[in-house]
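Inside the fold
In case you want the letters, here they are:
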Amino acid sequence: MDLSSLMDTRVFDGNRIRFRDEETLFSIFLPTSIEILRLNKIGFQIVASQLPNLKILRELYLDNIQLQHLPDEIYEISSLEKLSLHRNYIREISPKISNLIHLKILDLSLNRLTSLPELSNLHMLERLDISANQIQHIPNMSELGKLTHLIAFDIQAKTIDISTLPKTLTWI
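Quick look at the structure, then. (Residues numbered from 1 in each chain as written. Predicted model: local features only at pLDDT ≥ 70, side-chain atom pairs only at ≥ 80, totals over all residues. Heavy atoms only, no water.)

**So, the nonpolar core**
In summary, soluble globular proteins display a tendency toward joint burial of nonpolar side chains. Ranked by size, the top nonpolar core spans 44 residues in total, and within it Leu60 and Leu83 carry the most contacts. Going through the elements one at a time, helix H2 (41–47) and helix H3 (141–144) are the ones with two or more residues in this core. A total of three residues in this core trace back to one element, the largest contributor, which is H2. Leave out the neighbours within four places in its chain, and leucine 83 touches Leu60, Ile74, Ile97, Leu100, Leu103, Ile105, Leu106 and Asp107. (Core = buried A, V, L, I, M, F, W, Y, C linked by side-chain atoms within 4.5 Å. Buried < 20%, exposed > 50% of the residue type's maximum accessible area, 1.4 Å probe, protein only. Helix = DSSP H or I, 4+ residues; strand = E, 2+ residues; numbered from the N terminus. Contact = heavy atoms within 4.5 Å.)

**Quick look at the packing of aromatic side chains**
Any two aromatic rings considered together are summarised by their centre-to-centre distance and by the angle between their planes. Tallying each qualifying case throughout the model produces zero aromatic pairs. Above the face of the tyrosine 61 ring, arginine 38 is positioned so that its terminal group lies 4.7 Å from the ring centre. (Phe/Tyr/Trp six-rings, centres within 6.5 Å; stacked < 30°, edge-to-face > 60°. Lys NZ or Arg CZ within 6 Å of the ring centre and 35° of its normal.)

**Considering empty space enclosed by the protein**
One pass over the structure, following the stated rule, counts two cavities of 30 Å³ or more. Taken as a whole, the second largest cavity spans an internal volume of roughly 30 Å³. Along its surface, the second largest cavity is lined by Leu116, Pro117, Glu118, Leu119, Ile138, Asn140, Glu143 and Leu144. For the lining of the second largest cavity, a count of residues per class yields five nonpolar, one polar and two charged. (1 Å grid on protein atoms, 1.4 Å probe; cavity = no way out; pocket = protein on both sides within 12 Å on 5 of 7 lines; lining within 4 Å. Points joined across faces, edges and corners; volume = space filled by probe spheres on them. Nonpolar A, V, L, I, M, F, W, Y, C, P; charged D, E, K, R; others polar.)

**Looking at the environment of arginine 10**
Inspection of the secondary structure puts arginine 10 in the segment before strand E1 (11–13). Judged by its relative accessible area of 43%, arginine 10 falls in the partly exposed class. For the pair arginine 10 and serine 33, spaced 23 residues apart in sequence, the C-alpha to C-alpha distance is 5.9 Å. Those residues in contact with arginine 10 that sit more than four places away from it in its chain are Ser33, Ile34, Glu35, Ile36 and Ile56.

Given below as structure tokens:
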């Protein structure tokens, strides 16, 4: 598929592309100028290996595409400010998430997470949504208190002690 007309685009919505044959599937090359990327399940499978080439990608939306785990390529996109993985089947997030040092918004809601990796290296994080998961305990909850930019935190687990979090947080 010739995407040359998109070479100067800043937003690429892969949800709108419909693939008709395998030849089309493997002929997609994303322009490196993309700043915002939305992908459906098929689109993600095709372009995942190209993600590290998107050096100015700020927002990545991989919502409701039946992901069970994140490929390492995502953890290589150091420019990411927003990562939305809403409504998938993800059970675990790699500690490599700490590579995303510019991340401001992380939406992990409606997955199957049972725990969280260390997040205290995400100094820019402002919003963290881990609601509707299977998290019963966050062993490093006090580390979240070190995220001085964190202003919104969403969790729906009654067994988690939230007393160590900053009082400045807004609960969603």
